Amino acid sequence: MKGRTLTRWTLALALAGLLAPAALSAQGDGRYIVKFRDAANGRAALGAAKAEIVLELREHNAAAARIPAQALNGLRNHPAIEYIEDDVRRYPTAETVPYGIPMVQANLVSDGSAANRKVCIIDSGYYANHEDLQNTGVTASSDSGTGDPFTDLCGHGTHVAGTVAALTNTTGVLGVLPGGKINLHIVKVFGDDCAWTYSSSLVAALDKCRQAGSNVVSMSLGGTFKSRTEETAFNNANSAGVLSIAAAGNAGNTTVSYPAGYGSVVSVAAIDSNKALGAFSQRNSDVEIAAPGVGVLSTVPWLETNTLAAGSTTYSGGRIDGAARTNGTNGALFGTTGDQCTATNANYSGKVVLCQRGTNSFAQKVANVQSSGGVAAAVYNNVTSDSTCAVFAGTLEGTSTIPAITLSCADGAAALAQSGAGSTVVSQFTSGASGYEAWNGTSMATPHVSGVAALIWSHNTGWTNQQVRDAMNATAQDLGAAGRDTNFGYGLVQAKAALDFLLGGGGPVCKPLGATCSSNSECCSNSCRGGANKTCK
């Protein structure tokens, strides 16, 4: 289950704003490589033209320089200069490893045998053309009326799939099973709005997972009420050797969400990069295990670009829903410390206005900038209770005619130092593209556990679903109160520890504090106490 996106990030790289005194080089920043015939006279010519040498390449008899537009042609014809060319950009091709991958020890376990397992993802579909998702070994089906399972307009299923299996391919992110060998079966039960589906549709989807030969069923979904038919279906799947894993829910209270609440289904809680429980994660006795679910970076079927270029620096930000889109709105940056945009201000006219979060709503801030003649708004974070003070998402509860984006605390402070400089705001959305975003929710935690289950199970297909489940629980990193608790269950899932446990014979099995038991010998503490429902004490 996905909560409100708090952090948005894409691999799209926006061009920096133009520097007024510079020539229009290919990337618009006036930076060139100058090759000298006569280095001394060539450098003197650059100085006389008020060009700025930014990097010496003496071994190559050259230098990188920013050259004023009006001087470019003259310097190209100077006898001491052999040629001038654009100092073109090179971008990194390395992948980002989301924090959750090493946190669950997925990077410590080989997925070389993953082809012997199949994970079924019941969700909103799978964007098959994403650069970071496999297109072989993937089968799919859909619920009536939901459309092509290989499309995903709301992005939820594609995000989940990326956490399970984003590829090792020098771009994007890595999944728990990044080798491209895991078999996936996609069942699309949500339409384009990702609003809801029926329990009967979930039962039918589970049947399709089983018919496809799936070993693990991953469900980043849930609802408040039980269904006898649904519970029976999951019990039968469990008896048939299928391991079903579902989100604990995002209500942030002690209610139970289903199917996670059924005994035959693993219920997954969400934690952040500091291993603290996500504020939205439901807390109850059915919670069985925890995994990263706050700010999880994964694949989405679109590119969302929200940037502020100020001076020579470009800051990546978040979307304020309802604000106008733009491929580039220019204006001098206007910003001061403290909370601004609380009223109309004549100084905003023609400016890109930088406001601090707080006091009045995003809608009021943007409306004040717009009515004052401002051309764009950028709202930076100031919520110190947020450990990262990161980029966030907002909404206008309406629309504006000017673009508006958000920035992190750090980038907001850095941008303030550029106040008065030329700036450009870009806010674009491109559907059907290979994008990446960080989302929150027990929906994001669930595929970590689903992926780990398939990963360790691939090392011995003779193990049962119950053995894999027990191993994950027995070796989870204990968080919160000692033993199983209502926040984290048994704790943070650990792939290598679970695999080592199984390879070592899976025993002796020793239940942690708080686990249900029937005799003292089952408990690590050698103490099983209580009435009708005994637990390890």
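Bear in mind the structure is a predicted one, so any value in this text is a computation, not a measurement. Residue positions are counted from 1 within each chain, in the order its sequence is given. The predicted origin of the model limits local features to residues at a pLDDT of at least 70 and limits the giving and counting of side-chain atom pairs to 80 or more, whereas totals for whole chains, interfaces and linings rest on all residues. For side-chain calculations, the full set of non-hydrogen atoms in the structure is used, while hydrogens and water are omitted.

Kindly report on the side chain of S267, identifying the contributing residues and their values.
Counting from the N terminus, the helices are the DSSP runs of H or I reaching at least four residues and the strands are the DSSP runs of E reaching at least two. Structurally, S267 can be placed in strand β10 (residues 265-271). Note on S267: relative accessible area 2%, which makes it buried. Any two residues having at least one pair of non-hydrogen atoms within 4.5 Å are treated as being in contact. Not counting residues within four places of it along the chain, the set of residues in contact with S267 comprises A246, A248, A260, D286, V287, E288 and I289. Think of it in three bands: with a 1.4 Å probe and only protein chains considered, a residue is buried below 20% of the maximum accessible area for its type, exposed above 50%, and partly exposed in between.

Account for the environment of V391, with residues named and values stated.
Here V391 lies in the loop between β17 (376-380) and β18 (394-395). Here the alpha-carbon distance between V391 and R319, two residues 72 residues apart in the chain, equals 9.2 Å.

Describe the packing of aromatic side chains, listing the residues and the values that go with them.
Planes of paired rings set the category: under 30 degrees apart is stacked, over 60 is edge-to-face and the rest tilted, where pairs are Phe, Tyr or Trp rings (Trp by its six-membered ring) whose centres lie within 6.5 Å. This structure, assessed with the given rule, holds eight aromatic pairs. Judged by centre distance (6.4 Å) and plane angle (70°), the ring pair of Y126 and F150 falls under edge-to-face. Of this pair, Y126 sits in the loop between β5 (118-123) and β6 (138-142) while F150 is found in the loop between β6 and α4 (156-165), placing the two residues 24 residues apart along the sequence. Centroid distance Y258 to Y262: 5.1 Å. Interplanar angle 40°. Geometry classified as tilted. Grouping residues by exposure puts Y258 and Y262 together as buried. Linked through ring pairs, F234, Y258 and Y262 together constitute an aromatic cluster. Remark: a charge is flagged as sitting over a ring if the NZ atom of Lys or the CZ atom of Arg is within 6 Å of the ring centre and within 35 degrees of the ring normal. For the cation-ring pair, R117 lies above W457, with the distance from its terminal atom to the ring centre recorded as 5.0 Å.

Could you give me a rundown of unusual backbone geometry, with the residues and numbers involved?
Excluding glycine, most residues fall at negative phi; most peptide bonds, likewise, are trans. Of the consecutive residues Y258 and P259, the connecting peptide bond is found in the cis state with omega at 25°. By the secondary structure assignment, P259 is in the loop between β9 (243-247) and β10. Of note in the backbone geometry, K50 takes a positive phi value of approximately 60° without being a glycine. Summarising the element assignment, K50 is placed in the loop between α1 (39-48) and β2 (52-57). Accessibility expressed as a relative area gives 71% for K50, which makes it exposed. Positive phi outside glycine occurs at N61, with the angle close to 55°. Residue placement: N61 occurs in the loop between β2 and β3 (62-66).

Requested: an account of the side chain of R319, with residues and values cited.
Within the secondary structure layout, R319 lies in strand β14 (residues 318-321). Under this definition, polar contacts are N or O atom pairs within 3.5 Å; protein pairs additionally need one hydrogen-donor-capable and one acceptor-capable atom, and for neighbouring residues in sequence, both atoms have to be side-chain atoms. At 3.0 Å, the side chain of R319 forms a polar contact with the backbone oxygen of A323.

Just give me the short version of the nonpolar core, but keep the residues and values in it.
Residues belong to a common nonpolar core when they are buried Ala, Val, Leu, Ile, Met, Phe, Trp, Tyr or Cys residues joined through side-chain atoms within 4.5 Å. The biggest cluster of nonpolar side chains holds 59 residues, and the ones touching the most others in it are L184, I456 and M472. Ranked by residue count, the leading element in this core is helix α9 (residues 442-457), at eight residues. Residue contacts for L184: discarding those within four places in its chain leaves K118, V119, Y126, Q134, G137, V138, T139, V164 and A165. Of all hydrophobic cores here, the second largest spans 22 residues; its members include V203, A233, Y258 and A260.

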